[in-house]
Amino acid sequence: MTPITEHTNLEAQLIDDIADALVQHGFIRLQHFLPEWLANQLMHEAKHLASIEFTPAGIGRNNNQQINSQVRTDSTMWFSGNSAPQKAYLDWMEQLRMGLNKRLFMGLFDFECHFSHYSIGDFYQRHLDAFKGRSNRILSSVFYLNPHWNKNNGGELLLYAGEQPSPLLTVSPDFNSCIIFLSDVFPHEVLASRCDRFSIAGWHRVNSQSAEHVDPSK
Ligand SMILES: O=C(O)CCC(=O)C(=O)O
Ligand SMILES: [Fe+2]
């Protein structure tokens, strides 16, 4: 296996493609997003930590986080950056942050993310990750860690165009694939999963100090 210390760089071409897609469509779906060895290590870490470190996902703000099992039932663990695979993922997303700022002047300030585990029957109802002008979350990304996912497993992410009732995009949570979208543009939901489903949900944010309303996400 390739050692985790191997230097990984996001190709300029990939950042160009992401930037172009965000301008044109507001989202992009990517296969083979990370080097295979890194995706594997993240998958193993998620599976290992799921039973010992993950906790029921919260909804709401910092000090007033409530678990609302009507809205979502997954379990999560925020990245601390303490393990090599977490560091490598954060580094990858940092390169994306800088690349997008350079190309699109998005003013992205930082990135935060958590592992998610949806066990059998878990779902996340239709929601927006950010409300226009009221959140510092700008760009949502979901990276998937599920080899051999098939249609019978459910657990698709549905992405909607605004209030439209039928989805714009149905995303199967396939291993090493990723979806990136503008946080305040696309409502989305996770259909009930019929298998264990692992992912990393993350947000590139602008500086909350300069946001009109501060809306911490964790
Ligand atoms: O896991 C997914 O496909 C999406 C998760 C999500 O929407 C979120 O965590 O905000
Ligand atoms: Fe979301």
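What you see is a predicted model, and the numbers here were worked out from it, not measured in a lab.

A. The arrangement of the overall build of the protein in detail. What the protein contains, in helices and strands, is three helices and eleven strands. Along the protein, helices and strands appear, N-terminal first, in the series α-β-α-β-β-α-β-β-β-β-β-β-β-β. Burial analysis of the protein (218 residues in total) assigns 50% to the buried set. About 10,800 Å² of surface is accessible on the protein, with carbon and sulfur atoms providing 51% of the total.

B. Molecular detail of the environment of Phe54. Structurally, the position occupied by Phe54 is in the loop between helix H2 (36–50) and strand S2 (55–56). Not counting chain neighbours up to four residues away, the residues in contact with Phe54 comprise Ala46, Leu49, Ser75, Thr76, Met77, Phe115, Ser116 and His117.

C. Focus on the packing of aromatic side chains. Scanning the model with the defined rule gives ten aromatic pairs in all. Both rings, one in Phe27 and one in Phe186, keep their centres 5.6 Å apart while their planes meet at 90 degrees; by these two values the pair is edge-to-face. With Phe27 in strand S1 (residues 27–30) and Phe186 in the loop between strand S9 (178–182) and strand S10 (188–190), this residue pair connects regions lying 159 residues apart in the sequence. Ring centres of Tyr89 and Phe111 lie 6.4 Å apart, and the angle between their planes is 55 degrees; on these two criteria the pair is classed as tilted. Highlighted residues: Tyr89 in helix H3 (residues 84–104) and Phe111 in strand S4 (residues 110–118), separated in sequence by 22 residues. Taken together, the aromatic side chains of Phe33, Phe54, Phe79, Tyr89, Trp92, Phe111, Phe115 and Phe143 make up a single cluster linked through ring pairs.

D. Seen up close, the coordination of the iron ion (ligand 2). The coordination sphere of the iron ion (ligand 2) contains the protein donors His127 (NE2), Asp129 (OD) and His188 (NE2), at a distance range of 2.0 to 2.2 Å. For the iron ion (ligand 2), all donor residues lie on one chain, and their spacing in sequence is H-x1-D-x58-H. With Asp129 in the loop between strand S5 (124–127) and strand S6 (137–144) and His188 in strand S10, this pair connects stretches of sequence that are 59 residues apart.

E. Expanded view of the nonpolar core. Counting residues in each nonpolar core, the largest one holds 40 residues, and the members touching the most others are Phe33, Leu42, Tyr89, Leu100, Phe143 and Ile180. Those elements that provide at least two residues to this core are helix H1 (12–24), S1, H2, H3, S4, S6, S9 and strand S11 (197–205). For this core, the leading source of residues is H2, giving eight residues. Ignoring any residue separated from it by four or fewer positions in sequence, one finds Phe143 in contact with Phe33, Leu34, Ala39, Leu42, Tyr89, Asn176, Ser177, Cys178, Ser199 and Ile200. Residues Val142, Tyr144, Ile179 and Phe181 belong to the second largest nonpolar core, which totals twelve residues.

F. Fine view of the sheet that holds strand S3 (residues 75–78). Pairing in this open sheet of seven strands is antiparallel, and the strands run S1-S9-S6-S11-S4-S3-S2 from one edge to the other. Edge positions in the sheet fall to S1 and S2, since each has one partner strand and no second. Relative to S11, S6 runs antiparallel, the two sharing seven bridges. Each bridged residue has a counterpart across the sheet, and for Phe143 the counterpart in S11 is Ile200.

G. Looking closely at the sheet that holds strand S8 (residues 169–171). Pairing is antiparallel across the open sheet formed by four strands, whose spatial order is S5-S10-S7-S8. Each edge of the sheet is formed by a strand with only one pairing partner; in this case those strands are S5 and S8. Strand-to-strand, the axes of this sheet are offset by a mean angle of 10 degrees, without reference to chain direction. As paired elements, S5 and S10 share two bridges and run antiparallel to each other. When the sheet's bridge partners are listed, Tyr124 is paired in S10 with Val190.

Thresholds applied
Residues numbered from 1 in each chain as written. Chains lettered and ligands numbered in written order. Predicted model: local features only at pLDDT ≥ 70, side-chain atom pairs only at ≥ 80, totals over all residues. Heavy atoms only, no water. Helix = DSSP H or I, 4+ residues; strand = E, 2+ residues; numbered from the N terminus. Buried < 20%, exposed > 50% of the residue type's maximum accessible area, 1.4 Å probe, protein only. Areas by Shrake-Rupley, 256 points an atom, 1.4 Å probe, with all protein chains shown as cover. Contact = heavy atoms within 4.5 Å. Phe/Tyr/Trp six-rings, centres within 6.5 Å; stacked < 30°, edge-to-face > 60°. Donors = N, O, S within 2.8 Å, 3.2 Å for Na, K, Ca; no water. Core = buried A, V, L, I, M, F, W, Y, C linked by side-chain atoms within 4.5 Å. Pairing = 2+ DSSP bridges. Axes fitted to C-alpha atoms, helices over the stretch in contact; angles between N-to-C directions.

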